[in-house]
Structure formats: C-alpha cells, structure tokens
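Spelled out from the first residue to the last, the chains are:
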Amino acid sequence: MSKRQKGRRHRKVNRTPRPRAGSVAVAAAAEPEVVVPELGRHAARTWEGLRGRGAAGASLEELAAAVGYQARTIQKHVAGFADQGLAELREDRWYARV
C-alpha cells in the first residue's frame, strides 16, 4: 500500500475558506442597520423615514417613495405606530410623536 494520501493534496496548511470577491463587495455596499427597540427591521425603516420628515410630516405616498415599500405596507406600519402612540394622523399626513 502506498504512503501517499489520495484525494486533494493542496492547501494542507491553511484550510480556511478563501474569501469570495462577490461577498466582499456585497458586505461593503450594505446599509447600516437601523436599531429601534421593539420594532422589526422593516417597521424600523419606516419609523426612521417618518422621523426624518420632521415637523412637516409625510403622506403615505411620500413615505413609500422615501422608504422604498408599497403604500399598503407603509399604511400597516404607521397604523401600528398610531396604536403604540408613536405617530398621529392629521388630515392626510402622518407625524412622528417622539
């Protein structure tokens, strides 16, 4: 019987996986996570968009364009914020209360 090991004979010293070119570019282009307590990632993104509008408030369409979600999703989020006392609806615009 031969003393040579069969199969893969290269990379015996360092067997850690090599970094892929695509994963480095994706990690660098990722946006920083917005951390808001007790809110999910998507609701937190909507909340930051609403807070960013300041005293001017935002309509559903403006908020949907700024955040990047459908108007129906924004409606669900801001309705939840209103239930929690974080937002209020005046006429056709939503305002952050905090």
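See above for the structure.
As the structure is a prediction and not an experimental result, all values here were calculated from the model. (Residues numbered from 1 in each chain as written. Predicted model: local features only at pLDDT ≥ 70, side-chain atom pairs only at ≥ 80, totals over all residues. Heavy atoms only, no water.)

> Help me understand the overall build of the protein, please; the structure alone is not making it clear to me.
Along its length, the protein carries four helices and two strands. Taken from the N to the C terminus, the helices and strands of the protein come in the order α-α-α-α-β-β. Within the protein, buried positions represent 24% of all 98 residues. In the protein, the proportion of contacts linking residues at least 24 apart, taken out of those at least 6 apart, comes to 44%. As displayed, the protein has an accessible area near 7,900 Å², and 52% of this comes from carbon and sulfur atoms. (Helix = DSSP H or I, 4+ residues; strand = E, 2+ residues; numbered from the N terminus. Buried < 20%, exposed > 50% of the residue type's maximum accessible area, 1.4 Å probe, protein only. Contact = heavy atoms within 4.5 Å. Areas by Shrake-Rupley, 256 points an atom, 1.4 Å probe, with all protein chains shown as cover.)

> What is the right way to look at the side chain of S59 in this model?
As for its position among the elements, S59 is in the loop between α2 (41-52) and α3 (60-67). Overall, the relative accessible area of 11% leaves S59 in the buried class. Excluding its chain neighbours within four sequence positions, the residues that come into contact with S59 are D92 and R93.

> Would you explain the pattern of salt bridges in this entry?
Summed over the entire model, instances satisfying the criterion amount to four salt bridges. Of the charged contacts in the structure, one is a salt bridge between R51 and E48, with a shortest N-O distance of 3.6 Å. In this pair, R51 and E48 are both assigned in helix α2, three residues apart and thus about one turn of the helix distant. Residue R51 is classed as partly exposed on the basis of its relative accessible area, which comes to 43%. (Salt bridge = Lys/Arg side-chain N within 4 Å of Asp/Glu carboxyl O.)

> Got a minute to help me understand the pairing of strand β1 (residues 87-90) in this structure?
Consecutive side chains of a regular strand alternate in pointing toward one face of the sheet and then the other. Direction of pairing for β1 relative to strand β2 (residues 93-96): antiparallel, over a ladder of four bridges. Looking at β2, one finds that L89 is bridged to W94. Taken together, β1 and the strand that follows it, β2, pair antiparallel across an intervening segment of two residues, in which E91 is found at a positive phi of about 55°. (Pairing = 2+ DSSP bridges.)

> Explanation requested: α2 in the structure shown.
Side chains of residues three or four places apart in an α-helix project in the same direction, reflecting 3.6 residues per turn. A rise of 1.5 Å per residue sets the reference length of α2, with its 12 residues, at 16 Å; its end C-alpha atoms lie 16 Å apart and thus fit the reference within 8%. Among the structural elements, α3, α4 (71-84), β1 and β2 are those in contact with the buried residues of α2. Positive phi shows up at G54, right after α2, with a value of about 70°. (Expected span 1.5 Å × (residues − 1).)

> Any chance you could explain the packing of aromatic side chains here in plain terms?
Two aromatic rings, taken as a pair, are described by how far apart their centres are and by the angle between their planes. One pass over the structure, following the stated rule, counts one aromatic pair. Geometrically, the ring pair formed by W47 and F81 is edge-to-face, given 5.3 Å between the ring centres and 70° between the ring planes. Of the two residues, W47 sits in helix α2 while F81 sits in helix α4, which places them 34 residues apart along the sequence. Neither residue differs from the other here; W47 and F81 are each classed as buried. Over the ring of Y69 we find R45, and its NZ or CZ is 5.0 Å from the ring centre. (Phe/Tyr/Trp six-rings, centres within 6.5 Å; stacked < 30°, edge-to-face > 60°. Lys NZ or Arg CZ within 6 Å of the ring centre and 35° of its normal.)

> Any chance you could explain α4 here in plain terms?
The first and last C-alpha atoms of α4 sit 20 Å apart over 14 residues, in line with the 20 Å expected at 1.5 Å per residue. Residues of α4 that are buried include every one of I74, H77, V78 and F81, and no others. The arc enclosing the buried residues of α4, seen along the axis, measures out at 90°, which places them on a common side. Relative to its buried face, α4 has exposed residues pointing more than 90 degrees away, namely R72, K76 and D83. (Arc of directions from axis to C-beta.)

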